[in-house]
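# An overview of the molecular structure
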Amino acid sequence: MDLLDTLTAKGLRGEVPTREEALAVLATTDDELLDVVAAAGKVRRRWFGRRVKLNYLVNLKSGLCPEDCSYCSQRLGSKAEILKYTWLKPEQAADAARAGVAGGAKRVCLVASGRGPTDRDIDRVTDTMAAIKDADPEVEICVCLGLLSDNQAERLKAAGADAYNHNLNTSESTYGDIATTHTYADRVDTVQKAHGAGLSACSGLIAGMGESDEDLVDVVFALRELGSDSVPVNFLIPFEGTPLAQEWNLTPQRCLRILAMVRFVNPDTEVRIAGGREVHLRSMQPLGLHIANSIFLGDYLTSEGQAGQTDLDMIKDAGFEVEGAGEATLPRHRADIAAASGCGSTGSGCGSTASSGCGTTASAASACGSGGGCGPCGGHGHGDEPAAVPAGIPAEVVANGTPTEPADGLRSDLVKVRRRGAGTELAPNA
Ligand code: SF4
């Protein structure tokens, strides 16, 4: 039995491949690519059918972060020309969330830059969640606020949060190369705190930062061991003004191989194509849907995605369907694990029928978290964005820096800083 037959058979049984098999997926050739996608697609359809879960990001607080995550446009010292603003008011955030839900999103991801929340910040997010759930009690809420202190996860859970996102981002052995203000162990600790409080764990990675295949496999196996219910796969958006601005290492083919490897190691876990989807998969995005069962609708934290309607059209054209609020995301056996571990009960959140529910562990997909890559922070870069803040952006929103020309051979033209939606007076892209 060759590699793909073995991986398919294991995936259909919900078994995890060996580390060597995962590495072999990343080493396949372009000639083998469609066979790899087809094999991963069988596993995806076994556990998730043709459903695509839509998630919608609301950046509660943008930029101004004291952490030094090298991939992040919101980092300390970043010259990326992103929107900068402090906490949105609960009603502002709820308005943004409503736009995403109206566009088909099942989960709203509330993200704030920073090392971690204060207790006052937990109060703010509690009020925001109440405003969102008052309008739509069925919506799932994932929170991403960085490193958690004792009892903060419990407070979020009690306030109605369904999930917590905190990405591991890369392997333990290379973590010190991408951030120095916190450690890989800090990140693991927060994922465990969230899970321990009964929150569904969302935790993922960022590919394209110069890591090796071994690093990618290491972090994906670590996420499996942590029990992440949803695994956001970010593809680095090399924002101008960040230390990784020159790291254009990914091709659409490489991205598909990475997604397939993540799927084989997490056959029955929500795999989300997160930040960098449009930038790196480009016209190959529909093939990614054959592997992943979840995406973000519309824009990312600091960069713009393709139009929300284009996302919906792509899903339909590729023969998939948007997952409804009443449908469970995770397969039954995973939801049962979640229930046994004390996660929420039912409903859209964790719980037995729940969607991405709890599970054993760690997403916000994108969110940042302290450090963590806030989700789809993604890069921002600026591409051809004007330096001026568009009309309609509140006075407290300040664009940073001066645009620079893309370097030769780089694709900074593909990166567009977010100028609409949360933190602006312009309509969100959903
Ligand atoms: S990833 Fe999160 S913690 Fe790290 S610099 Fe960005 S906003 Fe700050």
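Just so it is clear, the structure is predicted and the values come from calculations on it, not from any experiment.

It is worth spelling out the nonpolar core at this point. Generally speaking, a soluble globular protein has its nonpolar side chains buried in company with each other. Counting residues in each nonpolar core, the largest one holds 100 residues, and the members touching the most others are Val58, Leu156 and Phe235. Per-element accounting of this core gives the leading share, nine residues, to helix α10 (residues 252-265). Once residues within four sequence positions are removed from consideration, leucine 156 is found in contact with Ile122, Val125, Met129, Val143, Leu145, Leu148, Ala161, Tyr164 and Leu199. Listed in part, the eleven residues of the second largest apolar core include Cys109, Ala163, Cys202 and Phe296.

Bringing a negative patch on the surface into the picture now. There is a patch of like negative charges on the surface, built from Asp2, Asp5, Asp31, Glu32 and Asp35. In this structure, aspartate 35 sits in helix α3 (residues 33-48).

This paragraph deals with the packing of helix α1 (residues 3-13) against helix α2 (residues 19-26). Their axes nearest at 11 Å, the elements α1 and α2 cross at an angle of 120 degrees. The angle between α1 and α2 falls in the class oblique. At the point where α1 passes α2, the crossing takes the left-handed sense. For the pair α1 and α2, the contacting residues are Leu3, Thr6, Leu7 and Lys10 in the first and Glu21, Ala24 and Val25 in the second. Among the residues forming the contact of α1 with α2, the class breakdown is four nonpolar, one polar and two charged.

For α3, spanning 16 residues, the distance from its first C-alpha to its last is 22 Å, which sits close to the expected 22 Å at 1.5 Å a residue. Three or more residues of α3 are buried, namely Leu33, Val36, Val37, Ala39, Ala40, Gly41, Val43, Arg44, Trp47 and Phe48. Downstream of α3 by one or two residues, glycine 49 has phi in the positive range, about 55 degrees.

A separate point is the packing of aromatic side chains. According to the stated counting rule, one finds two aromatic pairs in the structure shown. Considering the side-chain rings of phenylalanine 296 and tyrosine 300, the 6.2 Å spacing of their centres and the 75 degrees angle between planes classify their relative orientation as edge-to-face. For tyrosine 300, a relative accessible area of 2% corresponds to the buried category. Between the NZ or CZ atom of arginine 46 and the centre of the ring of tryptophan 47, over which it lies, the distance is 4.0 Å. Of note, arginine 50 hangs over the ring of phenylalanine 320, and the distance from its end group to the ring centre comes to 4.7 Å.

Counting buried positions along strand β3 (residues 140-144) gives five out of five residues, so the element sits mostly inside the fold. With five bridges connecting them, strand β2 (residues 107-112) and β3 associate as parallel partners. The residue of β3 that forms the bridge with valine 108 is isoleucine 141. Note that β3 and strand β4 (residues 163-165) share two bridges and pair parallel. Within β4, the residue paired with valine 143 across the bridge is tyrosine 164. For the crossover that starts at β3, traverses helix α6 (residues 152-158) and ends in the parallel β4, the hand is right-handed.

What follows covers the environment of glutamate 20. Summarising the element assignment, glutamate 20 is placed in helix α2. Overall, glutamate 20 belongs to the exposed group, its relative accessible area being 56%. The spatial distance from the C-alpha of glutamate 20 to the C-alpha of glutamate 214 is 9.6 Å, given a sequence separation of 194 residues.

Before going further, it helps to spend a moment on the pattern of salt bridges. All chains considered together, the criterion is met by 29 salt bridges. Measuring nitrogen to oxygen at the nearest pair gives 2.4 Å for the salt bridge that ties arginine 19 to aspartate 218. Of this pair, arginine 19 sits in helix α2 while aspartate 218 sits in helix α9 (residues 213-226), and the two are 199 residues apart along the sequence. The exposure class assigned to arginine 19 is partly exposed, which follows from its relative accessible area of 31%. Aspartate 218 gets classed as partly exposed once you look at its relative accessible area, which sits at 30%. Across the pair aspartate 123 and arginine 155 runs a salt bridge whose closest N-O atoms are separated by 2.4 Å. With aspartate 123 in helix α5 (residues 119-135) and arginine 155 in helix α6, this pair connects stretches of sequence that are 32 residues apart. Its relative accessible area of 32% is what places aspartate 123 among the partly exposed residues. Linked by salt bridges that have partners in common, Lys53, Arg107, Glu140, Glu270 and Arg272 make up one network.

Basis of the calculations
Residues numbered from 1 in each chain as written. Predicted model: local features only at pLDDT ≥ 70, side-chain atom pairs only at ≥ 80, totals over all residues. Heavy atoms only, no water. Core = buried A, V, L, I, M, F, W, Y, C linked by side-chain atoms within 4.5 Å. Buried < 20%, exposed > 50% of the residue type's maximum accessible area, 1.4 Å probe, protein only. Helix = DSSP H or I, 4+ residues; strand = E, 2+ residues; numbered from the N terminus. Contact = heavy atoms within 4.5 Å. Patch = residues over 30% accessible without salt bridge, like charges linked within 9 Å, V, L, I, M, F, W, Y side chains within 5 Å. Areas by Shrake-Rupley, 256 points an atom, 1.4 Å probe, with all protein chains shown as cover. Salt bridge = Lys/Arg side-chain N within 4 Å of Asp/Glu carboxyl O. Lys, Arg positive; Asp, Glu negative; His and termini not counted. Charge placed at Lys NZ, Arg CZ, Asp CG, Glu CD. Axes fitted to C-alpha atoms, helices over the stretch in contact; angles between N-to-C directions. Parallel < 35°, antiparallel > 145°, perpendicular 65-115°, else oblique. Left-handed = near helix turned anticlockwise from the far one by under 90°. Nonpolar A, V, L, I, M, F, W, Y, C, P; charged D, E, K, R; others polar. Expected span 1.5 Å × (residues − 1). Phe/Tyr/Trp six-rings, centres within 6.5 Å; stacked < 30°, edge-to-face > 60°. Lys NZ or Arg CZ within 6 Å of the ring centre and 35° of its normal. Pairing = 2+ DSSP bridges. Right-handed = clockwise from strand over helix to strand, strands pointing away.

Just distances and angles here, no functional claims.
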